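Each chain, letter by letter, is given below.
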Amino acid sequence: MSTLSIGISGLTAANIGLATTSHNIANASTAGYNRQVLVQGTNLPVLTGAGFIGQGTHVETVRRVYDQFLSRQVLSAQASASAMDSYLGQIRQIDNLLADASSGVSPALSAFFAGVQQVTAYPTSIPARQAMLSASESLVARFQALDQRLTEIRDGVNSQVMSEVALINSYAGQIAELNQAILLSRTGGLGQEPNDLLDQRDQLIAELNKSVRVSTVEQNDGSINVFIGSGQPLVVGNQRYTLKAIESAENPQRIVVGLETGGGNVIEFPESQIVGGTLGGLVAFRGESLDNAQNALGRVAIALALNVNDQHRLGMDLTGALGGAYFSVAAPVPVPNDDNGGTASIGASFSATAASDLTASDYRLSYAAGTYTLTRLSDNANWTAGSAAAVATAAAQGFDLTLNAGVPANGDSFLIQPTRTGAQGIAVAISDPRAIAAAAPMRTAKTLANTGTGTISAGNVDAPPPPNANLQQTVTITFNNPPTTFNVSGTGTGNPVNVPFTAGQDIQYNGWTIQISGAPAAGDIFTIEANNAGVADNRNAILLAALQTASTMAGGTASYQSAYSQIVSEVGNKTRQVETIGEAQTNLVTQATAEREQMSGVNLDEEAANLLRYQQAYQASAKVIQIAGSLFDDLLAIFG
Amino acid sequence: MRISTNMQFDSGVASMNRQLSTLVHLQQQIASGRRILTPADDPVAAARVLEVQQAADVMAQFRVNHDNARSTLELEETQLDSASELLIRAKELAITASNGTLTFAQRQAAATELRARYNQLMGIANSADGTGQFMFAGYQSASPPFSRTIDDLITNGGDVNYAGDDGQRRLQVSATRYIEVADPGTGVFMGIDDGTGGSQSIFKTIADLVGAIEDPGNTGAAFSADVAAALGNINRGLDDVLRVRAAIGSRLNEIDSLSTTADDMAVQYEQALSTLRDLDYAKATSDLERTLAGLEAAQKSFAQTSQLSLFNYL
């Protein structure tokens, strides 16, 4: 009888082998599938006088070919690769935005200054002035268009953060359910591993890990606990925690990740802890590249507007009025933290030296125990003082602060983004071409009857605006005998006498600076007067035009163009860097996956061979049963 | 080594993808003629392109300023050329009138022509450029700078009125050089040293001469002295005009040489830009060939190896 049962045991095992092989073939391209193999063992032999007689075979288990170490390696590489992928996808948009030189700020900047130069050539020409205004409008539109695009990218990041959070929650839920299912299967499965469920859970963890880097800890009961960040639990056994996309308390325009802690409370997740995965890439891109690009662009717009305005206000327009603001700029607005307990409202404005002092960083003003601390978020440099105004003055970062009203409470903070809205907020403040202040408000003259060779320079109006109230008062400079000194007379000068004269040296009164060169004779008279009807004067336009190449930004080290070029090179460099790191990480993933696949992947040739193997085993076992059957028949025939 | 069937497919596809992306990049470069498609291709060069482009734009603007300055100065030069011819004629007339053999009636012909010349000179001093701006008015170019008729000067004495100022418009013609493109009327027609320590305008000089010629009582030595004084003033006035013309000439020369420099620089900037951003076609096409060959080989080998399967023989 044993031959028959041995044959049956072989038949059964071969059948299971065929099923397992078929399962492998069917799942050859199933994501996360680990091939399964049969673990076969011999049945207990029977002791007879002739020794132990084998009793056939049985299948001990169907094992999945799986190495935890190799899988972890894939996970780790994958989280970095996904982060770089999503970073690259975002920064490529800025890279492409800046790719076409003809659609960037550069040509519009050149065109604006070309417009100014045309006004220097034809200061009385309304068409030339109109052309300058139009070029200004184009420049402003270019700033706004670039900024608009960056804002769209920011909105895109915000909504992607929301969808990633939703994805993470969905994965976390499924993993918790699988933990539960695996627990039940193991309990009911007499210690056998539910291979396909384990594969499914591993695959879900791998997918989750593409969204945000996770760490996992396997429990004795077979469930896996999943953590993110610095150990915040996401899944514990069959329990899952929920993430929530929320507005940051510090900056409501920033969607950040919060962790629900029960009772409807949500704790904001520090961005520094969201590392790896698509979400980590998004957060890193926003914090490093997007903020910086938008701020730096805003800084160029603000510096240009403030410089042009300062110069323009020292000039005189075609109607004889003093120049006003040429551009309008958006003043920074400190945003109080949502969690502030005090009533303080802080106001901000650009300082007189903002064009040079502004950086591309954001700032945090915080208050504690009577002390205000201003922190530059790019490098955490900080300044402290007893008042908001004093701390801004001490920091000299291009903006002034005031406590408008109320009282701060300990721990209150305000976010200051001085340059964030610069590119969006710039606008041309004048629309009448005659209002362009191409002339200087004062002019100089040498009296015809002068007998000396002294000449007077055209004169400059002293910065900063507003110009001196007596700028346009008539002032006469009369040389004494001997002409080594002169007397000054005119409202606002204090009428000094016997002022020592040095040829070519600056003479400054009433907010103007002139030089008298050559050798004036005794009795020679020079006058400084209002530039009435001086429509052909282009002195102020020349000074405006000179701003194009002047290094007025970044502490006097950069022109507008070089500051803009810096954005282009920074974005280009970062894109390239992310590309390179991304490629390296992707290669790591490929390698790690290959190693895992070498072990766990399905090879169809191998399975084909296995099919043959089990088919033949099946056929052989069937033959054994047939022979056992015919043996029985032979026996019956004897007695028949 | 065990190879899973998935890996066999994935690695084949990945290799083809990689080559295809190189191919597309090369194709874009060739189609656009640009080496740098986005700043990431060469961040340093991309930023440098912008800087060089601005320098080229600024230079081109200076070149426009040169043309503006040249046309303004040439217009002024034309007017001053007429003025100097006119003053030379006035000198001839003064010399004719001073001929002692002429009767009072005979010398009136010179007075008549001098009057016409006075008005002509007034026209020159009050001339406007192509945009209706008065050239010799300083900053106050909206209204004619010189006034008073010759009769007014002869009858009531005094000098012409100048309603302009000393303003002198300049244009930027290089990074550091601003060049004067106008001369105020005071420097051209006024402030002539009258030989006695005072100064007067060229108009008063002519008016005085005409007054002397037309005065029947002014004869003999006194008349000769008046004409001699007028001649001296006309000569000094002519010197002033010639001095301004010479200054204009040297400015025009300077502008010409700056323009030549600017044109040379423009070529250099163009070359610099080309080096920075333009594609080396020879290299790009050879790269393209190589990548194409690589991709074709990858496709062919993938097609062949992917057909290998034990199942084909079962």
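A quick note: this is a predicted structure, and the numbers were derived from the prediction, not measured. (Residues numbered from 1 in each chain as written. Chains lettered and ligands numbered in written order. Predicted model: local features only at pLDDT ≥ 70, side-chain atom pairs only at ≥ 80, totals over all residues.)

Chemist: Is there a simple way to think about the overall build of chain B in this case?
Modeler: Scanning chain B for helices and strands turns up eight helices and six strands. Listed by position from the N terminus, the elements making up chain B come as α-α-α-β-α-β-β-β-α-β-β-α-α-α. Relative to the globule expectation of 20 Å for 314 residues, the C-alpha radius of gyration of chain B, 39 Å, shows a markedly less compact shape. Summarising its shape, the C-alpha atoms of chain B cover approximately 140 × 30 × 30 Å along the three principal directions. Sorting the 314 residues of chain B into buried and exposed places 35% on the buried side. The long-range fraction of contacts in chain B, counting pairs at least 24 apart against all pairs at least 6 apart in sequence, stands at 71%. (Helix = DSSP H or I, 4+ residues; strand = E, 2+ residues; numbered from the N terminus. Rg over C-alpha atoms; globule rule 2.2 N^0.38 Å. Buried ≥ 20, exposed ≤ 12 C-beta atoms within 10 Å, placed from the backbone. Contact = placed C-beta atoms within 7 Å.)

Chemist: Looking at this model, I keep getting lost on the pairing of strand S15 (residues 363-368) of chain A. Mind explaining?
Modeler: Residues and elements named next belong to chain A. Side chains Tyr363, Leu365 and Tyr367 of S15 all project onto a buried face; the interleaved residues Arg364, Ser366 and Ala368 project onto a face where none is buried. The pairing of S15 with strand S16 (residues 371-376) spans six bridges and is antiparallel. Each bridged residue has a counterpart across the sheet, and for Arg364 the counterpart in S16 is Thr375. Between S15 and S16, which pair antiparallel one after the other, the connecting turn spans two residues, and Ala369 there sits at a positive phi close to 50°. Bridge count for S15 against strand S19 (residues 413-416) is four bridges, and the pairing is antiparallel. In the sheet register, Ser366 faces S19, and the bridge partner there is Ser413. (Pairing = 2+ DSSP bridges.)

Chemist: Looking at this structure, how should I read helix H3 (residues 105-121) of chain A?
Modeler: For an α-helix, 3.6 residues make a turn, and residues three or four places apart therefore share a direction. Relative to the 24 Å expected for 17 residues at 1.5 Å per residue, H3(A) spans 25 Å between its end C-alpha atoms, a close match to the ideal helical length. Extensive coverage of H3(A) is indicated by the burial of 15 of its 17 residues. (Expected span 1.5 Å × (residues − 1).)

Chemist: Before we go on, may I ask you to explain the interface of chain A and chain B in this structure?
Modeler: How large an interface is tends to be reported as the accessible area lost when its parts come together. Taken residue by residue, the interface counts 61 residues in chain A and 50 residues in chain B. Within the residue set of the side of chain A that touches chain B, elements represented by two or more residues are helix H2 (68-97), H3, strand S21 (442-446), helix H10 (539-546), helix H11 (560-600) and helix H12 (604-639) of chain A. No other element matches the 18 residues that H11(A) contributes to the side of chain A that touches chain B. For the side of chain A that touches chain B, the class distribution of residues is 26 nonpolar, 27 polar and eight charged. (Nonpolar A, V, L, I, M, F, W, Y, C, P; charged D, E, K, R; others polar.)

Chemist: I'm lost on the domain arrangement of chain B in this one. Help?
Modeler: The domain boundaries assigned to chain B delineate domain 1 (5-51 + 279-313) and domain 2 (67-271). Averaged C-alpha coordinates put domain 1 of chain B and domain 2 of chain B at centres separated by 75 Å. (Domains from an automatic or database assignment.)

Chemist: It is not clear to me how the environment of A:Ala439 should be interpreted in this structure. Could you clarify?
Modeler: Checked against the element boundaries, A:Ala439 lands in the loop between strand S20 (427-428) and S21. A:Ala439 has contacts with A:Pro123, A:Gly315, A:Met316, A:Asn531, A:Gly534, A:Asp537, A:Arg539, A:Asn540 and B:Tyr139, leaving out every residue within four places of it along the chain.

Chemist: Honestly, unusual backbone geometry in this entry has me stumped. Any pointers?
Modeler: Both trends apply: most residues other than glycine have a negative phi, and most peptide bonds are in trans. All names here are of chain A. In the segment running from Pro465 into Pro466, the intervening peptide bond is cis, with an omega of 0°. Relative to the helices and strands, Pro466 resides in the loop between strand S23 (460-461) and strand S24 (475-479). Cis peptide bonds are those with omega within 30 degrees of zero, and the linkage from Asn481 to Pro482 qualifies with 0°. Looking at the element boundaries, Pro482 is found in the loop between S24 and strand S25 (485-489). One non-glycine residue, Ala396, adopts positive backbone phi at about 50°.

Chemist: I keep staring at the nonpolar core and nothing clicks. Help me out?
Modeler: If you look at soluble globular proteins, the nonpolar side chains tend to sit buried side by side. Ranked by internal contacts, the top residues of the largest apolar core, which has 206 residues, are A:Ile175, A:Val300 and B:Phe203. Looking at this core element by element, the count peaks at 19 residues for helix H4 (residues 126-188) of chain A. Once residues lying within four places of it in the same chain are set aside, the contact partners of A:Ile175 are A:Arg201, A:Leu204, A:Ile205, A:Leu208, A:Val226 and A:Val235. With five residues, the next largest nonpolar core counts A:Ala13, A:Ala14, A:Leu611 and A:Tyr614 among its residues. (Core = buried A, V, L, I, M, F, W, Y, C linked by C-beta atoms within 7 Å.)

Chemist: Looking at this structure, how should I read the sheet that holds strand S11 (residues 266-268) of chain A?
Modeler: Sheet strands line up and pair through hydrogen bonds in the backbone, either parallel or antiparallel. Residue and element names in this part refer to chain A. Taken together, the three strands give an open sheet; going across it, the order is S9-S10-S11, and neighbouring strands pair in antiparallel fashion. Both edges of this open sheet fall to strand S9 (243-247) and S11, since each of them pairs with a single strand only. Neighbour to neighbour, the strand axes of the sheet diverge by 45° on average, direction disregarded. Here three bridges tie strand S10 (residues 255-260) to S11, and the two strands are oriented antiparallel to one another. Following the sheet pairing, Leu259 is matched in S11 by Ile267. (Axes fitted to C-alpha atoms, helices over the stretch in contact; angles between N-to-C directions.)

Chemist: Is there a simple way to explain the domain arrangement of chain A in this structure?
Modeler: Structurally, chain A comprises domain 1 (2-65 + 601-639), domain 2 (71-122 + 149-289 + 557-592), domain 3 (292-433) and domain 4 (442-530). Look at where the C-alpha atoms of domain 1 of chain A and domain 3 of chain A centre, and you get two points 81 Å apart.

Chemist: Got a minute to help me understand the environment of B:Ala97 in this structure?
Modeler: Residue and element names in this part refer to chain B. Within the secondary structure, Ala97 is located in helix H2 (residues 43-97). Judged by C-beta crowding, with 23 C-beta atoms within 10 Å, Ala97 ranks as buried. Sequence separation of Ala97 and Gly132 is 35 residues, and the distance between their C-alpha atoms is 38 Å. Apart from the residues within four sequence positions on either side, Ala97 is in contact with Leu102, Arg107, Ala110, Ile213 and Val227.

Chemist: What should I look at first to understand helix H3 (residues 104-125) of chain B in this one?
Modeler: Residue and element names in this part refer to chain B. Taking 1.5 Å of rise per residue, 22 residues should cover 32 Å, and H3 covers 31 Å from first to last C-alpha, within 8% of that figure. Of all the positions in H3, only Ala110, Leu114, Tyr118, Leu121, Met122, Ile124 and Ala125 are classed as buried. In an axial view of H3, the angular spread of the buried residues amounts to 140°, which keeps them on one side of the axis. Pointing more than 90 degrees away from the buried face of H3 are the exposed residues Ala105, Ala116 and Asn119. Close packing links the buried residues of H3 with H2, strand S1 (146-147), helix H4 (150-156), helix H5 (185-189) and helix H6 (202-214). (Arc of directions from axis to C-beta.)

Chemist: Hey, could you run me through the packing of H3(A) against H2(B) in this one?
Modeler: The axes of two packed helices give the description: the angle between them and the distance between them. Viewed as axis vectors pointing N to C, H3(A) and H2(B) meet at an angle of 20°, and their least axial separation amounts to 10 Å. If you check the angle between H3(A) and H2(B), you find them roughly parallel. By crossing handedness, the relation of H3(A) to H2(B) is classed as right-handed. Where H3(A) approaches H2(B), its residues A:Ser106, A:Ser110, A:Ala114, A:Gln117 and A:Ala121 are matched on the opposing element by B:Leu50, B:Gln53, B:Gln54, B:Asp57, B:Gln61, B:Asn65 and B:Asn68. (Parallel < 35°, antiparallel > 145°, perpendicular 65-115°, else oblique. Left-handed = near helix turned anticlockwise from the far one by under 90°.)

Chemist: Would you mind showing me how to read the packing of H6(B) against helix H7 (residues 220-277) of chain B here?
Modeler: All names here are of chain B. Remark: H6 packs on H7, axes separated minimally by 9 Å, with the N-to-C direction vectors making an angle of 160°. Here H6 is positioned roughly antiparallel relative to H7, judged by the angle of their axes. When the axes of H6 and H7 are compared, the crossing they make is left-handed. Across from Ile202, Thr205, Asp208, Leu209 and Ala212 in H6, the residues of H7 making contact are Phe223, Asp226, Val227, Ala230, Asn233, Ile234 and Gly237. A breakdown of the residues in the contact of H6 with H7 according to their chemical character gives seven nonpolar, three polar and two charged.

Chemist: What am I meant to see in the confidence of the model for chain B here?
Modeler: Low pLDDT means the predicted coordinates in that region are not meant to be read closely. Residue-level pLDDT values for chain B average 92, and 100% of them are 70 or greater. Here the predicted complex scores 0.90 on pTM and 0.89 on ipTM. (pLDDT = per-residue confidence, 0-100.)

Chemist: Before we go on, may I ask you to explain the sheet that holds strand S5 (residues 214-218) of chain A in this structure?
Modeler: Residues and elements named next belong to chain A. Strand order across the open sheet formed by four strands is S5-S6-S7-S8, with antiparallel pairing between neighbours. The open sheet is flanked by S5 and strand S8 (239-240), the only strands paired with a single partner. As paired strands, strand S6 (residues 224-228) and strand S7 (residues 232-236) are joined by three bridges and run antiparallel to one another. By the bridge assignment for S7, Ile228 is matched with Gln232. Across the sheet, H4 is in contact with S6, S7 and S8; its angle to S7 comes to roughly 50°.

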